[in-house]
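Chain and residue survey
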Amino acid sequence: MANPVLLDTIAHADLRVATGYAAGFGDAVNQCVVVPTEFDAVQRDYPILFRRDGEGAFYAVALLGLDRDENLFLEQGTWQARHVPVLHQRGPFLIGMVERVIDGVVQSEPMLHVDLDHPRICAHGGQPAFLPHGGQSPYLKHVVTVLRAIHEGLALQAPMFAAFEQADLIEPITLDVALDAETRYSIPDCFTIGPERLARLDAAALDALHRAGFLRHAFLVVSSLGNVATLIDRKNRKRHPGVAAA
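Residues numbered from 1 in each chain as written. Predicted model: local features only at pLDDT ≥ 70, side-chain atom pairs only at ≥ 80, totals over all residues. Heavy atoms only, no water.

A look at the environment of Ala41
Let me state the cut-off plainly: Secondary structure follows DSSP: runs of H or I at least 4 residues long count as helices, runs of E at least 2 residues long count as strands, and numbering of each begins at the N terminus.
When you line up the elements, Ala41 lands in helix α1 (residues 39–42). Here the alpha-carbon distance between Ala41 and Val84, two residues 43 residues apart in the chain, equals 8.8 Å.

So, the pairing of strand β13 (residues 184–193)
For clarity, the cut-off: By this definition, two strands are paired if DSSP reports at least two bridges between them.
Pairing geometry for strand β12 (residues 170–178) and β13, over 8 bridges, is antiparallel. From the neighbouring strand, Asp176 faces β13, where its bridge partner is Ser186. Count of turn residues in the β12/β13 antiparallel hairpin: 5 residues.

A look at helix α7 (residues 228–239)
The condition that has to hold: To estimate the expected span of a helix, subtract one from its residue number and multiply by 1.5 Å. Each residue gets one of three labels from its accessible area relative to the maximum for its type: buried under 20%, exposed over 50%, partly exposed in between, using a 1.4 Å probe on protein chains only. Arc, as used here, means the arc of the directions from the helix axis to the C-beta atoms. By definition, residues are in contact when any of their heavy atoms lie within 4.5 Å.
Between its first and last C-alpha atoms α7 spans 16 Å; for 12 residues at 1.5 Å apiece the expected length is 16 Å, and the two agree. Regarding α7, the residues found buried are Val228, Leu231, Arg234 and Lys235. End-on, the buried residues of α7 take up no more than an arc of 120°, which puts them together on one face. Residues of α7 that are buried in the fold lie against β5 (58–63), β6 (74–75), β12, β13 and α6 (215–224).

Thoughts on helix α3 (residues 138–166)
We count it as follows: The term bend refers to the angle at a residue between two fitted axes, each drawn through seven residues, those ending there and those starting there.
Between its terminal C-alpha atoms α3 stretches 42 Å, which fits the 42 Å expected from 29 residues at 1.5 Å a residue. Bending of α3 peaks at approximately 35° at the position of Gln157, with proline Pro159 no more than four residues after it. Those residues of α3 lying buried are Tyr139, Leu140, Val143, Val146, Leu147, Ile150, Gly153, Gln157, Met160, Phe161, Ala163 and Phe164. Two residues or fewer past α3, Asp168 is found with a positive phi of approximately 55°.

Details of the sheet that holds strand β8 (residues 93–102)
Using the following cut-off: Orientation is described by axes fitted as lines to C-alpha atoms, over the contacting stretch for helices, and by angles from 0 to 180 degrees between their N-to-C directions.
In space, the 3 strands of this open sheet follow the order β1-β9-β8, with antiparallel pairing throughout. Across the chains shown, the open sheet's two edge strands, defined by having one partner strand only, are β1 (4–6) and β8. Taken over all neighbouring pairs, the strand axes of this sheet differ in orientation by 45° on average, direction set aside. Sheet strands in contact with α3 are β8 and β9 (105–115), and its direction is about 80° off that of β8.

A short note on the side chain of Gln89
Applicable threshold: In protein, a polar contact means a hydrogen-donor-capable atom and an acceptor-capable atom, both N or O and within 3.5 Å, with residues adjacent in sequence counting only if both atoms are side-chain atoms; elsewhere, any N or O pair within 3.5 Å suffices.
By the element assignment, Gln89 lies in helix α2 (residues 86–89). Take Gln89: its relative accessible area is 17%, and that puts it in the buried class. In terms of polar contacts, Gln89 uses its side chain to reach the backbone carbonyl oxygen of Val84, at 2.6 Å. Beyond its immediate chain neighbours, meaning those up to four positions away, Gln89 contacts Tyr21, His83, Val84, His142, Val143 and Val146.

Thoughts on the pattern of salt bridges
Selection criterion: Salt bridges are identified by distance alone: a Lys or Arg side-chain nitrogen within 4 Å of an Asp or Glu carboxyl oxygen.
Across all of its chains, the model carries 13 salt bridges by this definition. The residue Lys235 makes a salt bridge to Asp67 at a minimum N-O spacing of 2.6 Å. With Lys235 in helix α7 and Asp67 in the loop between β5 and β6, this pair connects stretches of sequence that are 168 residues apart. Residue classification places Lys235 among the buried residues on the basis of a relative accessible area of 5%. The class for Asp67 is partly exposed, based on a relative accessible area of 30%. Put simply, Glu70 and Lys235 hold a salt bridge, and the shortest N to O gap is 2.5 Å. You can see Glu70 sitting in the loop between β5 and β6 and its partner Lys235 sitting in helix α7, a full 165 residues away along the chain. The class for Glu70 is buried, based on a relative accessible area of 4%.

So, the environment of Val35
Take Val35: it is sitting in the loop between β3 (31–34) and α1. For the pair Val35 and Ile95, spaced 60 residues apart in the sequence, the C-alpha separation amounts to 15 Å.

Focus on the sheet that holds strand β10 (residues 121–122)
Spatial ordering of the open sheet is given by β10-β2-β11, a layout of 3 strands whose pairing is antiparallel. Edge positions in the open sheet fall to β10 and β11 (127–128), since each of these has one partner strand only. As paired elements, strand β2 (residues 16–17) and β11 share 2 bridges and run antiparallel to each other. Each bridged residue has a counterpart across the sheet, and for Val17 the counterpart in β11 is Gln127.

Looking at the nonpolar core
Worth spelling out the cut-off: Among buried residues, those of type Ala, Val, Leu, Ile, Met, Phe, Trp, Tyr and Cys that are joined through side-chain atoms within 4.5 Å constitute a nonpolar core.
Counting residues in hydrophobic clusters, the biggest one holds 45 residues, and the most contacted among them are Phe50, Phe164, Leu169, Ile193 and Leu209. Those residues in contact with Leu169 that sit more than four places away from it in its chain are Phe164, Thr192, Ile193, Gly194, Arg197, Leu198, Leu201, Leu209 and Ala218.

So this is what it looks like as structure tokens:
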């Protein structure tokens, strides 16, 4: 059970957070949600796929592994990639809405919270949230930047997918992955940007996507699928340790 509370300089002066990556921290997953603000970094390392939630709305994920609970980038407490998805960088911190009365009007403000039951909260070691004499530590400043990217990215998600649907760019895909002649994986219920659909867009549609700020995102999603080869290589090295990739 999560136990989020408003982060307080005094109450949490000694708060420390374990860093690194491990299954115990929730990092052993074969896919994770990614937001539009990190697409540029994500597409350098991972395939980006779309899925639908229970209400039919699209969201984006980075594919990290092929088997259940498998993160092929997780090795001995480190995440072996140039970019760690922001939802895995935030640790126990999150943005929560707090109601305040301003000029007699109740308004909601986003405020920094911490989940005190998160497995990264530790009594010793790790990174401090605050400096000895007050003020945010460098670690917490980084987390604030990460949370800002998450907050802004989630705000962009619905309009981005609306723009993609308006341009008729989204198409279903079943990702078929062959490790060798006998070992194959099929990943169903996914969607992507259709490369041919993107190539067929006329000048008006391209301009509309560009003005909305989402044309680049569409190209990044298409480009990211080349990283399936990286997953295959990592999976085969895991299956056959000590054997050099062909």
